[in-house]
Amino acid sequence: MLGLMQQRPLALPHVFHRAEQYFGHKTLVTAEAAGESTMSIADWAQRVRRLATVLDTLDVSADGRVGTFCWNTARHLELYMAAPCTGRVLHTLNIRLFPEQLTYIVNHAADEVVFVDRSLLPVLWPLVDKLETVRHFVVIDDGADAEVPDDPRVHDYEELLAAATPFTGTFTIEDENTAAAMCYTSGTTGNPKGVVYSHRSAVLHSLISLVADGIALAERDVVLPVVPMFHANAWGLPYGCLLAGSDMVFPGPNMTPTAIAALLEKHRVTVTGGVPTIWMGVLPLLPDLDLSALRLILCGGSAVPKALSEEYRKAIGVPMLHAWGMTETSPIATISGLRSHHAGASEADLADARSRQGYATPLVDLRLVDPSTGEIQPWDDVASGEIQAAGPWIAAEYFRGEGEGAQFTEDGWLRTGDVATVDRYGSVRLVDRTKDLIKSGGEWIGSVELENEIMAHPKVAEAAVIAIPHPKWVERPMACVVVKAGETLTAEEVIAHLEPRVAKWWLPDAVEFIDEVPKTSVGKFSKKTLREKFGGYQVQNP
Ligand code: AMP
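These figures come from a predicted structure and were not determined experimentally.

1. Re the domain arrangement of the protein chain
According to the domain assignment, the protein chain consists of domain 1 (12-215), domain 2 (365-433) and domain 3 (438-534). Domain 1 puts six residues into the contact, and the matching count from domain 3 is six residues. When domain 1 packs against domain 3, the two sides together hide about 540 Å² of surface, and 58% of this comes from carbon and sulfur. It is Arg 96, Phe 98 and Gly 187 that lose the most area in domain 1 upon contact with domain 3, and together they represent 65% of the buried surface on that side. Joining domain 1 to domain 3, the criterion identifies one salt bridge.

2. Description of the sheet that holds strand β6 (residues 136-140)
Read across the open sheet, the seven strands follow the order β7-β6-β5-β3-β4-β8-β9; overall the sheet is mixed. The open sheet has two free edges, formed respectively by β7 (154-156) and β9 (193-198), since each of these has just one partner strand. Between one strand axis and the next, the sheet turns through 25 degrees on average, direction left out of account. Bridge count between strand β4 (residues 89-92) and strand β8 (residues 179-185): two bridges; the pairing is parallel. In the strand pairing of β8, His 91 is matched with Met 182. Together, β3 (65-69), β4, β5 (111-117), β6 and β8 form the strand contacts of helix α3 (residues 74-85), whose direction differs from that of β4 by roughly 145 degrees.

3. Here's the deal with the sheet that holds strand β24 (residues 474-483)
Ordered in space as β23-β24-β25, the three strands form an open sheet in which the pairing is mixed. The strands lining the two open edges of the sheet, one partner per strand, are β23 (460-470) and β25 (510-513). Each neighbouring strand pair of the sheet contributes to a mean axis angle of 25 degrees, computed without reference to strand direction. Where β24 lies against β25, four bridges are found, and the strand directions are parallel. Paired with Val 481 across the bridge in β25 is Phe 513. Against the sheet, helix α14 (residues 447-455) engages β23 and β24, with an angle of about 145 degrees to β23.

4. Observations regarding unusual backbone geometry
Going from Ser 330 to Pro 331, the amide bond is cis rather than trans, its omega being 10 degrees. Residue position: Pro 331 is located in the loop between β14 (320-325) and β15 (332-335). In the Ramachandran plot, Asp 59 falls in the positive-phi region, its phi being about 65 degrees despite a non-glycine side chain. Inspection of the secondary structure puts Asp 59 in the loop between α2 (41-57) and β3. When its relative accessible area of 56% is taken as the criterion, Asp 59 is described as exposed. Notably, Ala 234 is not glycine yet its phi reads approximately 50 degrees, a positive angle. For Ala 234, the position within the fold is in helix α8 (residues 232-235). By relative accessible area, which is 0% here, Ala 234 ends up buried.

Basis of the calculations
- Residues numbered from 1 in each chain as written.
- Predicted model: local features only at pLDDT ≥ 70, side-chain atom pairs only at ≥ 80, totals over all residues.
- Heavy atoms only, no water.
- Domains from an automatic or database assignment.
- Contact = heavy atoms within 4.5 Å.
- Buried area = accessible area lost by both parts, 1.4 Å probe.
- Salt bridge = Lys/Arg side-chain N within 4 Å of Asp/Glu carboxyl O.
- Pairing = 2+ DSSP bridges.
- Helix = DSSP H or I, 4+ residues; strand = E, 2+ residues; numbered from the N terminus.
- Axes fitted to C-alpha atoms, helices over the stretch in contact; angles between N-to-C directions.
- Buried < 20%, exposed > 50% of the residue type's maximum accessible area, 1.4 Å probe, protein only.

What follows is the structure, given as structure tokens:
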């Protein structure tokens, strides 16, 4: 017997029309070079309707990929809705990637148009001739003075909007499994991989940001997403806010701690979110700020240091709300926070509890699997294993079948590459990583790529690159180098060798010379042994 409920697709047009109908009086503030601008949701919705027509005028195909190369702004939020509500796929591009990665991603996704903030044109435009599928570049003038190329492919965002007739109907997406947005992850070895969110996954993931044991987004909130809108859709905050009707404040291009702090105070922000590095930057400013409106700081992307969370708790009464996830998990999979069994615990125990990655949200399933035997591990907080995840907003595969098999199990779970223990209440605590990568300030550094470059040095026999803790960036690379017999080599020479080969922020903070890279029983580099050996290493002059 089937249920007799209406079949309504879970799709973003509902979020758009709800915001337009109920929350037209709410506001979107953006900080840009020319100053702050405030837009009502009613005006924003009209602009989304115009933008929908613009995409037709630009002849973007029915499911064409719409690239964005933008800061966090209200105009970026227009693209967040206009692209998926017209059946196109929003493709947010990470402005911090190397040129080669960016070119690869745009071509792999087959972006037809890229909307670019004027201040970011100098990064994107030099690649223009390598972007094979892009027919239009639409410049969003954010007050920067970057030169706008005189080229028939270049258009002005505001001019296009002004000339467009707004779409007046109701947006419809028949099949909730239609792609809505995509985001490439560089958190894997090899080429970046495309994660494709559906309307259904985006709506369900937005709903989860409204639940009480999570972020509890509400209409009366004022939300400032510091996490970039190109990082897994700013952790789903923009869609969640539109669904809840919260006001939003967008930081635009100025991501300095002073600018973020000023916005938090001035707009009486209640909810914000960003990687630990951001909050480490804001920490020294806390004594001079009135953040009495702030109720929640969402923090993740890297492990949140317990001390950081405690410093916030002591200074402003708001510890970090620790969350864990991946681009592949939309991204929120677990959220920490205190539960009834913590009642009466000491401050030290509460701080420990908060520093865990936390509990799977409703609709997310997790299991702990021994990576070598494949056996399911008990939730006793002692046995560790790789976390595998399943759920309606967890990727089932990558775009164009990339990396098939490696990241997904035969029974359809995502291998996260994160190693954890889980306590009997289901709280996850990350202890290690099987993926050979380093996460510095929220961005990935490929250890294998660094190793290959170091091992290309004629005097190097072997090299392994590991993550070492860093007070600002959370992790930084350390190179452990074995010099060929009879040769001599200095740390400076290793760095000089790398300088022309990798981005500046990939250069190791430390180079240690060792006799041999420790190996596992099957002869692989045992990074674990090296991490144990150098885990307490203090970076000089951080
Ligand atoms: P990305 O896809 O770039 O968002 O990276 C996801 C990865 O970042 C995860 O698989 C973890 O390795 C790491 N990560 C995310 N959140 C946390 C967290 N709260 N604690 C520790 N690591 C995290």
